[in-house]
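# Coordinate analysis (summary)
Here is how the chains run, residue by residue.
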Amino acid sequence: FGGKEDYIYSNEIWSLNTNNYSWKFISTIGDIPNHRSKHTAVKYKNKMIVFGGVTFSSICNDLFEYDLIKNQWKEIKCKGNLPPVRTRCSACVVRNQMIMFGGRQYLLEKNRRVYLNDLWFLKLINYQWEQIKSYGNIPSKRCAHSMVSNGDYVYIFGGYSESGYHLNDLYE
């Protein structure tokens, strides 16, 4: 879903057939999200959940649900305190929660990028956000990193640091 090429943002969905490695455009209906890139997406049951990213004119903290069976989008009005707008964050699903970490904001008034290392849970049963206080060896502020889950564990790898360096670290 989405992306950007040569300053043109997309809100299309494409599907890859892994048997013959051919791509197919998917026509959708419903509350189709704005064209965007640098968002995060997870699969939960028969749905794709898309959060945030950047459009042609703004950075977002909106949430959309795409039903993989019905080919239908729905904008979700979440409960709780919403995470601040961001791009290039990561997310994964553990049990019935989407866990989201880090990313980057852009403060126009200060012409400055702000890197994040905050942790958020989204309960996928009722779409309630909650910021989680982390303890222990907390990953540094970063964006464009990878995040995966294995059982009840979450792993964060790499990304870009505030100073622009490529990171090569792993956190559990």
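Figured I'd write up the structure that's included with this text. If you're wondering where the values come from, they're calculated on a predicted model, not measured in any experiment. (Residues numbered from 1 in each chain as written. Predicted model: local features only at pLDDT ≥ 70, side-chain atom pairs only at ≥ 80, totals over all residues. Heavy atoms only, no water.)

## Details of the pattern of salt bridges
For the structure shown, the criterion picks out six salt bridges. Among the salt bridges present, the one from Lys47 reaches Asp67, with a minimum N-O distance of 3.6 Å. Linking Lys47 in strand E7 (residues 47-54) with Asp67 in strand E8 (residues 59-67), this pair joins segments that are 20 residues apart in sequence. For the salt bridge of Lys77 with Glu75, the shortest nitrogen-to-oxygen distance reads 3.3 Å. Here Lys77 falls in the exposed class, since its relative accessible area comes to 67%. (Salt bridge = Lys/Arg side-chain N within 4 Å of Asp/Glu carboxyl O. Helix = DSSP H or I, 4+ residues; strand = E, 2+ residues; numbered from the N terminus. Buried < 20%, exposed > 50% of the residue type's maximum accessible area, 1.4 Å probe, protein only.)

## Considerations on the nonpolar core
Membership of the largest hydrophobic core comes to 16 residues, with the highest contact counts inside it found for Ile49, Leu63, Met98, Leu124 and Trp129. Breaking this core down by element, the ones donating at least two residues are strand E6 (40-44), E7, strand E10 (90-94), strand E11 (97-107) and strand E12 (112-123). Among all residues touching Leu124, those that are not within four sequence positions of it are Tyr44, Ile49, Val93, Asn96, Gln97 and Met98. In terms of nonpolar packing, the next biggest core, distinct from the first, is built from 10 residues, Cys92, Val94, Ile156 and Tyr171 among them. (Core = buried A, V, L, I, M, F, W, Y, C linked by side-chain atoms within 4.5 Å. Contact = heavy atoms within 4.5 Å.)

## Details of the packing of aromatic side chains
Under the definition given, this model contains six aromatic pairs. Consider the rings of Phe1 and Trp73, whose centres lie 4.9 Å apart with planes at 55 degrees: the pair is tilted. Here the residue Phe1 occupies a position in the segment before strand E1 (3-5), and Trp73 occupies one in strand E9 (residues 72-76), the gap between them amounting to 72 residues. Aromatic pair Tyr66 and Trp73: ring centres 5.0 Å apart, planes at 45 degrees, arrangement tilted. The same class applies to Tyr66 and to Trp73, which are both buried. Here the aromatic cluster, defined as three or more aromatic residues joined through ring pairs, consists of Phe1, Phe64, Tyr66 and Trp73. (Phe/Tyr/Trp six-rings, centres within 6.5 Å; stacked < 30°, edge-to-face > 60°.)

## Remarks on the pairing of E7
E7 sits mainly inside the fold: seven of its eight residues count as buried. For E6 and E7, the ladder comprises five bridges, and the chain directions are antiparallel. The residue bridging Lys43 from the neighbouring strand is Met48, located in E7. Connecting E6 to the next strand, E7, in antiparallel fashion are two residues, including Lys45 with a positive phi near 55 degrees. (Pairing = 2+ DSSP bridges.)

## Some remarks on a nonpolar patch on the surface
A cluster of nonpolar side chains, Trp14, Leu16, Tyr21, Trp23 and Phe25, forms an exposed patch at the surface whose accessible area comes to about 610 Å². Listed by contribution, the elements that provide at least two residues to the nonpolar patch are strand E3 (13-17) and strand E4 (22-26). Assignment of secondary structure puts Trp14 in strand E3. (Patch = residues over 30% accessible without salt bridge, like charges linked within 9 Å, V, L, I, M, F, W, Y side chains within 5 Å. Areas by Shrake-Rupley, 256 points an atom, 1.4 Å probe, with all protein chains shown as cover.)

## Observations concerning the environment of Trp120
Looking at the secondary structure, you find Trp120 in strand E12. In this structure Trp120 comes out as buried when scored by relative accessible area, which is 5%. Each C-alpha atom, one on Trp120 and one on Pro139, is 14 Å from the other, the two residues being 19 residues apart in sequence. Beyond its immediate chain neighbours, meaning those up to four positions away, Trp120 contacts Asn81, Leu82, Pro83, Pro84, Arg86, Met98, Ile99, Met100, Trp129, Glu130 and Gln131. One polar contact links Trp120 to Asp118, side chain to side chain, over a distance of 2.9 Å. (Polar contact = N/O pair within 3.5 Å; in protein donor to acceptor, adjacent residues only side chain to side chain.)

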